[in-house]
Amino acid sequence: MKNEITPKQAAMLLFVFLTGSSIINIPAPLIAISDNESWISLLAAAGLGLLLLIPLVSLARRFPGMDYIEYGAKLITRPVAVIFGLLLLTLYLHTVAGIIMDISMFLKSSMMRNTPYGYFTVLTSLAVALTARVGIGRFGGMFGLLMISVMLFVVFNIALASPGFHPEYMLPLFDEGFKPIVHGIYFIYGFPYGEMVMFCMILPLIRVKAKDRIGRKLTLAVALNTASLLAVTQATVLVFGPLSGERKYSMFEVARTVRITEVFERLEALMGYSMIVASFMKATIVLFAAHLTLNSLVKLPRDNRQLLFPLAFLAALISISVGLRGEANWEFIVSGIHPLWVISCGTVPLLVVYAVSLIRKRAA
């Protein structure tokens, strides 16, 4: 069925979701915040992300086939579950709009500077909506192949850039204490690890058999994502050193440094493809989950598609309105407001529902 997936597809989609836009956008701001200790912040935030899998998987197992709002209504009453669902919906819309904005800004600033920003936003939103409309069972299979191509280009880029690595750029460590590390954990937990809470609407679509270990598969997806982000972050530091935090699309900039004869140069086009495709896949997953949330809130069937395009249109409007305020405003939202949004609208409500489920389980 087009709205059902296997545990392996779910793990692959989680990897795509976590790696998508972050593999290009994470290194520069993380290094700017945490400097050479960025790898410590990354590992700590990934550990928090793994802990977040516990309530997600536990609730999905205890209430099979029920989404976040449905089992929330059983545990904390329908009105409170609706409030939590609306908070989650704002997070979905904000995330979709942000990814669309990232793609549009990247295309305008790096490739097609004379094209109006709004054109990229509208066309990207339409492409995302059309892909989400076919159902997770169909785009889930396609995304696996696309993500393999993205990761091959990333590995290829790092390998060719390795002759220009400077190991001395890894030092010094802890020259400003632990405050930058904590700030880095806050940032990278909000983007992407805390965003895993969005999968509370996708886990009910998994066809789970008795022998399936969905928790282990999802844990492997998080581990692979952490390794990928570590690789691109450290490659950025080793190439640019103190200037790493100023390179907005860091792997795109790393690709520009590669020149091996006249054959292997201008490899940034491959990284441009990777950034656009990976971000597009994440936007599709988030929009699909947002549509499931809205359907559940208004009690429509999961496979109803009437509200998908209005959601995409609303995300496009948000993207245009915020994007016209400039990149500096958007960077402040991503680094300062977005992690708080994820924690307050995603993590905290989920933990409340999980805590109530544990209390009721013990009482029973």
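All values derive from a computational prediction rather than experimental measurement.

Draft legend 1. Quick peek at the overall build of the protein. When its secondary structure is counted, the protein shows 14 helices and two strands. For 364 residues, the compact-globule estimate of 2.2 N^0.38 gives 21 Å, and the protein sits close to it at 20 Å. By principal-axis analysis of the C-alpha atoms, the protein measures approximately 65 × 45 × 40 Å. The 364 residues of the protein split such that 54% are buried. Residue pairs in contact within the protein that sit at least 24 positions apart in sequence constitute 84% of those at least 6 positions apart. Surface exposure of the protein reaches about 15,700 Å², of which carbon and sulfur atoms provide 68%. Counting 30 positive and 19 negative side-chain charges, the protein places the centres of these two groups 16 Å from one another.

Draft legend 2. Geometry of helix α4 (residues 38–62). If you check α4, its first and last C-alpha atoms are 37 Å apart, about what 25 residues at 1.5 Å a residue would give, namely 36 Å. Restricting attention to buried positions, one finds in α4 the residues Ser38, Ser41, Leu42, Ala45, Ala46, Gly49, Leu52, Leu53, Pro55, Leu56, Val57 and Leu59. Buried residues along α4 sit against α1 (7–19), α3 (27–34), α5 (68–76), α9 (179–190), α10 (214–240) and α14 (327–363).

Draft legend 3. The nonpolar core, seen in detail. Counting 119 residues, the largest nonpolar core has Leu13, Leu14, Tyr68, Tyr92, Tyr193, Ile285 and Leu287 as its most contacted members. With 16 residues, the top contributor of residues to this core is helix α12 (residues 268–297). Not counting chain neighbours up to four residues away, the residues in contact with tyrosine 92 comprise Met198, Cys200, Met201, Val286, Ala289, Ala290 and Thr293.

Draft legend 4. The environment of isoleucine 99, seen in detail. Examined against the element boundaries, isoleucine 99 turns out to sit in helix α6 (residues 78–110). By relative accessible area, isoleucine 99 is classed as buried at 3%. For the pair formed by isoleucine 99 and alanine 283, sequence separation is 184 residues and the distance between their alpha carbons is 6.1 Å. Residue contacts for isoleucine 99: discarding those within four places in its chain leaves Ser21, Ser279, Lys282 and Ala283.

Draft legend 5. Expanded view of the pattern of salt bridges. Here the structure, examined in full by the defined rule, presents three salt bridges. Across the pair arginine 207 and glutamate 4 runs a salt bridge, and its minimum N-O distance is 3.7 Å. Pair noted here: arginine 207 is in the loop between α9 and α10 and glutamate 4 is in the segment before α1, with a separation of 203 residues, a long-range link. Take arginine 207: its relative accessible area is 38%, and that puts it in the partly exposed class. On the basis of relative accessibility, which here comes to 28%, the residue glutamate 4 falls in the partly exposed class. One salt bridge connects arginine 302 with glutamate 70, and the closest N-O pair in it is separated by 3.3 Å. Taken together, the residues arginine 302 in the loop between α12 and α13 (308–323) and glutamate 70 in helix α5 connect sequence positions 232 residues apart. Judged by relative accessible area, arginine 302 falls into the partly exposed class, the value being 28%.

Draft legend 6. Molecular detail of the side chain of asparagine 225. If you trace the backbone, asparagine 225 turns up in helix α10. On the accessibility criterion, asparagine 225 (0% relative accessible area) is buried. Once residues within four sequence positions are removed from consideration, asparagine 225 is found in contact with Phe15, Leu18, Thr19, Ser22 and Tyr193.

The rules behind these values
- Residues numbered from 1 in each chain as written.
- Predicted model: local features only at pLDDT ≥ 70, side-chain atom pairs only at ≥ 80, totals over all residues.
- Heavy atoms only, no water.
- Helix = DSSP H or I, 4+ residues; strand = E, 2+ residues; numbered from the N terminus.
- Rg over C-alpha atoms; globule rule 2.2 N^0.38 Å.
- Buried < 20%, exposed > 50% of the residue type's maximum accessible area, 1.4 Å probe, protein only.
- Contact = heavy atoms within 4.5 Å.
- Areas by Shrake-Rupley, 256 points an atom, 1.4 Å probe, with all protein chains shown as cover.
- Lys, Arg positive; Asp, Glu negative; His and termini not counted.
- Charge placed at Lys NZ, Arg CZ, Asp CG, Glu CD.
- Expected span 1.5 Å × (residues − 1).
- Core = buried A, V, L, I, M, F, W, Y, C linked by side-chain atoms within 4.5 Å.
- Salt bridge = Lys/Arg side-chain N within 4 Å of Asp/Glu carboxyl O.

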